[in-house]
Amino acid sequence: MTKTALADPDEPRKPAKNKPKLRDGIMKRGKTWYYVIRVTNPETGVSKPKWVGGFPDEDAAKEARDEARVRARRGEYIDRNAVTVGEYLDEWLDAHAVEVKPKTLANYRYLVNQHVKPNIGGLRLQAVRPGQISKLYRDLVTTGGKHGKGLSPRTVAHVHSVLRKAFGDAVRVDELIASNPTERAKRPRLHRNEPGKVWTPVQLRAFLVAAEGHRLSAFFRLAAFTGARRGELLNLRWPDVDLDGASVHIRGSVGFVAGERIEGTTKSGRSRVVSIDPGTVDVLKAHRKRQLVDKLKAGESWKGAEDGHVFATGWGEPIHPDTVSSLMATLIKEHNAADGVEPLPHARLHDLRHVHATTLLLAGVPVHVVAARLGHADPAITLRVYAHVVNEQLAEAATIFADRIAGAA
């Protein structure tokens, strides 16, 4: 049996042939480059080497190494991860299913699946840069819509809002990336649209008179005289209506997602009590009596609860939101077809909310009071949406002040 000779310990060892050499934390293995840094565990205080590879050349590896060293010193180092943008967004949406309203979640999914994943879904999450997000927005606003047409800046702004939330959670919650690339991305300029020309009080009154013959006329009266949203009114139950105290309690809202009726909180997430005038109280009392007659006629076929929805079908079932929207257009058309009447301009159901807010602001009602009636979380929202109305009041402020001083003299 042949024995292997032992190497002389005093003789320097010969370097192995073709063994990669590590120089200042940089090494080439095969066709790609790697860097290594030491990262300290903040909990144990022990530092360990972290190898990161896959760089095409030495310069790219050095740049990444320098950036990693800075983050390691700050305690912000993040391990390299291969998860893609599309994979992360799918997980993020599933995680948010219990946190946001179903309709909001459905909108998030649509924007992600329709506009984000087809464009940047395959990119590695940690490799996304602000310039790539900026290019996404440019592409969407130029050719991102149907038949190659561009999306509106408002739609792109919604895409940005979803990505900002998702990438923000990737930074703060999941700690997969060090910074949010959407914060430095350039997006199309968004011009906020103020409500267009809304009905005058005379036009609103004409419409409500035209609607009086319909069994849902009380819906339009309450919408105009409270400024409540469509979904909020269709979610209203009779216990929420205080006819003696002349108020309604807006507790939630309703919408349809994939053909399914979904009830949830209001847009702001908070309930509110809105006062109503004596005339509206009388309209609701008459509506209640009419609904009780419907219930007697339906007998055992009545499908409503004992204290069910204020606005329901003739069988007591909740009303689909599209029903009242299309009904308003029908009532306007019927009014305009009558002889000897002043035609009403086109208006949407949501415009009744604008009429309510505009009329109150022009009458001098404080902005915070109007905001409370509308259910705005912050009066600043009301100021932004109805800035044109506030500006009209500002133009009159000088005259009002002068008149008050002159009266005092």
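For the structure itself, look to the data block above.
Residues numbered from 1 in each chain as written. Predicted model: local features only at pLDDT ≥ 70, side-chain atom pairs only at ≥ 80, totals over all residues. Heavy atoms only, no water.

### Description of the overall build of the chain
As a reminder, the rule being used: Secondary structure follows DSSP: runs of H or I at least 4 residues long count as helices, runs of E at least 2 residues long count as strands, and numbering of each begins at the N terminus. Restricting the calculation to C-alpha atoms gives the radius of gyration, and the globule rule supplies 2.2 Å times the number of residues raised to the power 0.38. Each residue is placed in one exposure class: buried if its accessible area under a 1.4 Å probe, protein chains only, is under 20% of its type's maximum, exposed if it is over 50%, and partly exposed if it falls in between. Contacts are residue-level and defined by heavy atoms, with any inter-residue pair within 4.5 Å sufficient. For the area figures, the Shrake-Rupley method with a 1.4 Å probe applies, and any residue is considered shielded solely by the protein chains shown.
Counting its regular elements, the chain contains 14 helices and eight strands. Taken over C-alpha atoms, the radius of gyration comes to 32 Å for the chain, far larger than the 22 Å a tight globule of 409 residues would show. If you line up the chain on its principal axes, its C-alpha atoms span 115 × 70 × 50 Å. Each of the 409 residues in the chain was classed as buried or not, and the buried ones make up 36%. A separation of at least 24 residues holds for 58% of the contacts in the chain among residues at least 6 apart in sequence. Counting only carbon and sulfur atoms, one obtains 52% of the accessible surface of the chain, whose full area is about 25100 Å².

### Digging into the pattern of salt bridges
Inclusion rule: Here, a salt bridge means any side-chain nitrogen of Lys or Arg that lies within 4 Å of a carboxyl oxygen of Asp or Glu.
One pass over the full model with this rule turns up 18 salt bridges. Measuring nitrogen to oxygen at the nearest pair gives 2.8 Å for the salt bridge that ties Asp139 to Lys135. With a gap of four residues between them, Asp139 and Lys135 both fall in helix 4 (residues 130-143), about one helical turn apart. Salt bridges linked by common partners bring Asp24, Arg65, Asp66 and Arg69 together as one network.

### What to know about the packing of helix 11 (residues 351-362) against helix 14 (residues 387-408)
We count it as follows: Comment: axis = line fitted to C-alpha atoms, over the contacting stretch for helices; angle = value between 0 and 180 degrees taken between N-to-C directions. Angles are sorted into four bins: roughly parallel if under 35 degrees, roughly antiparallel if over 145, roughly perpendicular if 65 to 115, and oblique for all others. The crossing is said to be left-handed when, going from far helix to near helix, the turn is anticlockwise and less than a right angle, and right-handed when the turn is clockwise.
Between helix 11 and helix 14, whose axes approach to 9 Å, the crossing angle comes to 15°. What the angle tells us is that helix 11 and helix 14 run roughly parallel. Crossing of helix 11 over helix 14 shows right-handed handedness. Contacts from Thr358, Leu361 and Leu362 in helix 11 reach Val389, Glu392 and Gln393 in helix 14.

### Considerations on the nonpolar core
The criterion, for reference: We define a nonpolar core as any set of buried Ala, Val, Leu, Ile, Met, Phe, Trp, Tyr and Cys residues linked to one another through side-chain atoms lying within 4.5 Å.
One finds Trp199, Phe207, Phe220, Phe311 and Met328 to be the most contacted residues of the largest nonpolar core, which totals 39 residues. Considering each element in turn, this core owes the most residues, six residues, to helix 7 (residues 217-226).

### Some remarks on the environment of Thr142
Along the chain, Thr142 falls in helix 4. The spatial distance from the C-alpha of Thr142 to the C-alpha of Ser152 is 8.9 Å, given a sequence separation of ten residues.

### Description of the sheet that holds strand 8 (residues 272-275)
Worth spelling out the cut-off: Only when DSSP finds a minimum of two bridges between them are two strands counted as paired.
What the three strands build is an open sheet, ordered 4-5-8; its pairing is antiparallel. Each edge of the open sheet is held by one strand with a lone partner, namely strand 4 (241-242) and strand 8. Pairing of strand 5 (residues 247-250) with strand 8, which is carried by four bridges, proceeds in the antiparallel orientation. Opposite Val248, over in strand 8, you have Val274 as the bridge partner.

Shape descriptors only; they carry no functional weight alone.
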